[in-house]
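Here's the letter readout for the chains.
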Amino acid sequence: MKQDVRPKDIDPEDLPDVPAFQDEATREFLVSTEEVEPGFYLMESRLEGYQMLFPAGGRYLQDISSISNQGNVETVTFEDFDEEISAKIRGQIRYHRNQSYLANPNLTYPDFMLDDVRARTGYEGAFEQEKMEDKVVYFGSQPLTFQEEGYVSEAYIHVGYIEPRTDQYLAIDYSFSLFCYRENAEGCSQNIADKEEQISKMIDSITFIYQEEADSDE
């Protein structure tokens, strides 16, 4: 899904008046000004490794994003805060390519990657598996409730790992955290379902981009 002129090359005054386009760092990732579906636009990673739905209210977090491992591991982190219902989604997607651990015969897959996800996120639950035509998705979620600075925050984490069915040297792991800030937990529960659905849409939309020429050069 390419277009000749990307949003980063368009005058901001001519772009949609939403945070994703009006933030300079964020629009670097956006492919088109056309909504893929209401509230979502198409984004592409800097390494051109994958595309996914990106929320109109999302902002790229440069300080906790990076490209590492000789340009072969990309971490994209963003936040989407909905002021109307005081809820925030923070997402982090890590794309891996051409890494020795992805094809190490001494490591057990997907357990190795899932254990890494658990270690980084604190997730303690099991993972479910969904096989699709082009990828296999492992996913898990769990709710958390905590009190902070006088308000109740209901929190949910969605974590997992995605591998393509045709290339053993590509992988993606992800974590999405959902926070709802309210004076009481009941107020959060009334609005949380829509945000959970948004997270599911983003996870389901993650699609690998295959680049044979890039793979052979690294």
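The structure we're discussing is the one just above.
Fair warning: this is a prediction, and the values are worked out from it, not measured in the lab.

Parameters at a glance
Residues numbered from 1 in each chain as written. Predicted model: local features only at pLDDT ≥ 70, side-chain atom pairs only at ≥ 80, totals over all residues. Heavy atoms only, no water. Buried < 20%, exposed > 50% of the residue type's maximum accessible area, 1.4 Å probe, protein only. Helix = DSSP H or I, 4+ residues; strand = E, 2+ residues; numbered from the N terminus. Pairing = 2+ DSSP bridges. Contact = heavy atoms within 4.5 Å. Expected span 1.5 Å × (residues − 1). Salt bridge = Lys/Arg side-chain N within 4 Å of Asp/Glu carboxyl O. Phe/Tyr/Trp six-rings, centres within 6.5 Å; stacked < 30°, edge-to-face > 60°.

## Overview of the pairing of strand β6 (residues 87-97)
Now for step 1: In terms of burial, β6 is a largely internal element, nine of the eleven residues being buried.
Now for step 2: Pairing analysis gives ten bridges linking strand β5 (residues 73-82) to β6, with the strands arranged antiparallel. Each residue of the ladder has a partner; that of Thr 77, found in β6, is Gln 92.
Now for step 3: Connecting the antiparallel pair β5 and β6 is a turn made up of four residues, with Ser 86 showing a positive phi of about 55°.
Now for step 4: Bridging between β6 and strand β10 (residues 170-182) involves eleven bridges; their strand directions are antiparallel. Paired with Arg 97 across the bridge in β10 is Leu 170.

## Some details on the side chain of Thr 75
Now for step 1: Following the sequence through the fold, Thr 75 ends up in strand β5.
Now for step 2: On the basis of relative accessibility, which here comes to 10%, the residue Thr 75 falls in the buried class.
Now for step 3: If we ignore the near neighbours within four places in the chain, the residues touching Thr 75 are Ile 64, Ser 65, Ser 66, Gln 92, Ile 93 and Arg 94.

## Some details on helix α5 (residues 192-205)
Now for step 1: Its 14 residues give α5 an end-to-end C-alpha distance of 20 Å, which sits within 8% of 20 Å, the value for a rise of 1.5 Å per residue.
Now for step 2: The set of residues buried in α5 consists of Ile 192, Lys 195, Ile 199, Met 202, Ile 203 and Ser 205.

## Structural notes on the pattern of salt bridges
Now for step 1: Applying the stated criterion across every chain yields a total of twelve salt bridges.
Now for step 2: A salt bridge links Arg 120 to Asp 173, with the nearest nitrogen and oxygen atoms 2.5 Å apart. Of this pair, Arg 120 sits in helix α3 (residues 111-121) while Asp 173 sits in strand β10; the two residues are 53 residues apart in sequence, bridging distant segments of the chain.
Now for step 3: Relative accessible area serves as the criterion here: at 34%, Arg 120 is assigned to the partly exposed category.
Now for step 4: Using a relative accessible area of 1% as the deciding quantity, one classes Asp 173 as buried.
Now for step 5: Among the ionic contacts, a cluster of salt bridges with common partners joins Arg 94, Asp 116, Arg 120 and Asp 173.

## Notes on the packing of aromatic side chains
Now for step 1: Taken as a whole and judged by the stated rule, the model has eleven aromatic pairs.
Now for step 2: Considering the side-chain rings of Phe 21 and Tyr 41, the 4.7 Å spacing of their centres and the 85° angle between planes classify their relative orientation as edge-to-face. Here Tyr 41 lies in strand β1 (residues 40-44) and Phe 21 lies in helix α1 (residues 19-22), a separation of 20 residues in the sequence. The pair Phe 21 / Tyr 41 is uniform in exposure class, with both members buried.
Now for step 3: Measuring from centroid to centroid gives 5.9 Å for Tyr 138 and Tyr 161, while their planes differ by 20°, and the two rings are stacked. Here Tyr 138, found in strand β8 (residues 135-148), pairs with Tyr 161, found in strand β9 (residues 151-164); they are 23 residues apart in sequence, far enough to count as distant. The same class applies to Tyr 138 as to Tyr 161, namely buried.

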